[in-house]
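Architecture at a glance
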Amino acid sequence: MEQIVSKGIVDSYFEKLKENLSVDVAIVGGGPSGLVASYYLAQKGLKVALYERKLAPGGGMWGGAMMFNEIVVQKEALFILDEFHITYKHFEKDYYTLDSVHATSALIYHATKSGVTIFNCTSIEDVVFQDNKVCGIVLNWSPVHREHMHVDPLFIMAKAVIDGTGHDCDIARTLERKNNIKLNTATGKVMGERSLSVDEAERTTVENTKEIFPGLYVSGMASNGVSGGFRMGPIFGGMLLSGKKVADLIAEKLK
Ligand code: 48F
């Protein structure tokens, strides 16, 4: 019995890992924008793997605001909530509230159900850079990073990579720091996030969602971090719409 349990887990995990050594799209970060992007890409028949450094994907969505587990979404993004069968209620004007735990778990459930493979406890520390293009990611276990262990990583090849790492825009920063290149931003560099301005930030999150270097796209708060946009706090319509936009851009490119 003990051997069956261990063998079942080891065999099926390694099968999953081997199947995903090369993917169409590798998504770094399991926040709302990354999860929504993964779902729409998988729905279009693409092979998608999502890497999350924490135990649970969901990023900044579980906690609502100040741990009040409710979030706000505006009318424009309701079609995405409907697609994920998420329940919401009207609050005021064009704004709706929803339970953040219900919403986050629904994003994860429908992403995986549509064929996305999620690798949790996995940190992406670099990209594969060939012919002046991002063509994969460099990964290791999160505890290896946390303990500063001197252990070499492995690589996953991908036709497109999404930096969905939130406020840190970790992948874009690493790419810029290591390679003396120009990003597709106003300064050619990671411009850094600005202070809070909800309306402006919600709009620019979607506008700033784009390919910032051949092979590397940004979504969600990483888009604003890279292009110098504002932060917005616990309103999530922009994050969801950004995930949908980056999926559409990549699907069009890979067609
Ligand atoms: O920050 P996060 O939720 O990303 P998002 O999709 O959404 C932002 C909102 O949650 C919120 C906001 C409001 O509207 O401003 O912050 O832009 O999730 C990013 C995820 O990426 C993971 C991190 O643990 C988090 O779950 N992550 C960050 N760096 C890495 C990573 C990395 N190098 N490798 C793997 N995962």
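A few points on the structure. (Residues numbered from 1 in each chain as written. Predicted model: local features only at pLDDT ≥ 70, side-chain atom pairs only at ≥ 80, totals over all residues. Heavy atoms only, no water.)

1. Comments concerning the layout of surface pockets
Space inside the largest pocket adds up to approximately 800 Å³. In terms of lining, the largest pocket is formed by 36 residues, of which the most central are Gly-59, Gly-60, Thr-165, Gly-166 and His-167. Elements supplying a minimum of two residues to the lining of the largest pocket: helix H2 (32-43) and strand S7 (122-130). Top element by residues in the lining of the largest pocket is S7. It accounts for four residues. In terms of residue class, the lining of the largest pocket is built from twelve nonpolar, 17 polar and seven charged. (1 Å grid on protein atoms, 1.4 Å probe; cavity = no way out; pocket = protein on both sides within 12 Å on 5 of 7 lines; lining within 4 Å. Points joined across faces, edges and corners; volume = space filled by probe spheres on them. Helix = DSSP H or I, 4+ residues; strand = E, 2+ residues; numbered from the N terminus. Nonpolar A, V, L, I, M, F, W, Y, C, P; charged D, E, K, R; others polar.)

2. Examining the site of the ligand
Taken together, 27 residues are adjacent to the ligand, and Ser-33, Glu-52, Gly-60, Asp-170 and Met-221 come closest. Within the backbone of Met-221, an N or O atom sits 2.7 Å from an oxygen atom of the ligand. Ile-235 is positioned with one of its backbone polar atoms (N or O) 3.2 Å from an oxygen atom of the ligand. Calculation on the ligand without its partners gives an accessible area of 730 Å², and the protein chains cover 93% of this total. Of all the cavities here, the one that holds the ligand is the largest pocket. Secondary-structure elements contributing two or more residues to the shell around the ligand are H2 and S7. Take the shell around the ligand: its biggest share by element is three residues, from S7. The class makeup of the residues in the shell around the ligand is nine nonpolar, 14 polar and four charged. (Near = heavy atom within 4 Å. Polar contact = N/O pair within 3.5 Å; in protein donor to acceptor, adjacent residues only side chain to side chain. Areas by Shrake-Rupley, 256 points an atom, 1.4 Å probe, with all protein chains shown as cover. Sits in = over half its atoms within 2 Å of the grid points.)

3. What about the sheet that holds strand S5 (residues 95-99)?
Sheet architecture is open: three strands sit in the order S3-S5-S4, paired in antiparallel fashion. The outermost strands of the open sheet, each flanked by one partner alone, are strand S3 (70-74) and strand S4 (89-92). Looking at each pair of strands side by side, their axes are set apart by 40 degrees on average, direction ignored. Inspection of the sheet shows S4 paired to S5 by three bridges, in the antiparallel sense. Each bridged residue has a counterpart across the sheet, and for Glu-92 the counterpart in S5 is Tyr-95. (Pairing = 2+ DSSP bridges. Axes fitted to C-alpha atoms, helices over the stretch in contact; angles between N-to-C directions.)

4. Topic: the packing of H2 against helix H9 (residues 237-254)
Contact geometry of H2 with H9 gives a least axis separation of 7 Å together with a crossing angle of 40 degrees. Comparing the axis directions of H2 and H9 gives the class oblique. Relative to H9, H2 is oriented so that their crossing is right-handed. Residues Pro-32, Ser-33, Val-36, Ala-37, Tyr-40 and Leu-41 of H2 pack against Met-239, Leu-240, Ser-242, Gly-243, Lys-244, Val-246, Ala-247, Ile-250 and Ala-251 of H9. (Parallel < 35°, antiparallel > 145°, perpendicular 65-115°, else oblique. Left-handed = near helix turned anticlockwise from the far one by under 90°. Contact = heavy atoms within 4.5 Å.)

5. A closer look at the pairing of strand S8 (residues 133-141)
Here S8 lies mainly inside the structure; seven of its nine residues are buried. Two strands pair when backbone bridges link them, and S7 and S8 are joined in this way by eight bridges, in the antiparallel orientation. Its bridge partner being in S8, Gln-130 is matched across the sheet by Lys-133. Hairpin connection between S7 and S8: a loop of two residues separates the two successive antiparallel strands, and Asp-131 in this loop has a positive phi of roughly 50 degrees. Where S8 meets strand S9 (residues 154-163), four bridges bridge the pair, whose relative direction is antiparallel. Its bridge partner lying in S9, Leu-139 is registered against Leu-154. (Buried < 20%, exposed > 50% of the residue type's maximum accessible area, 1.4 Å probe, protein only.)

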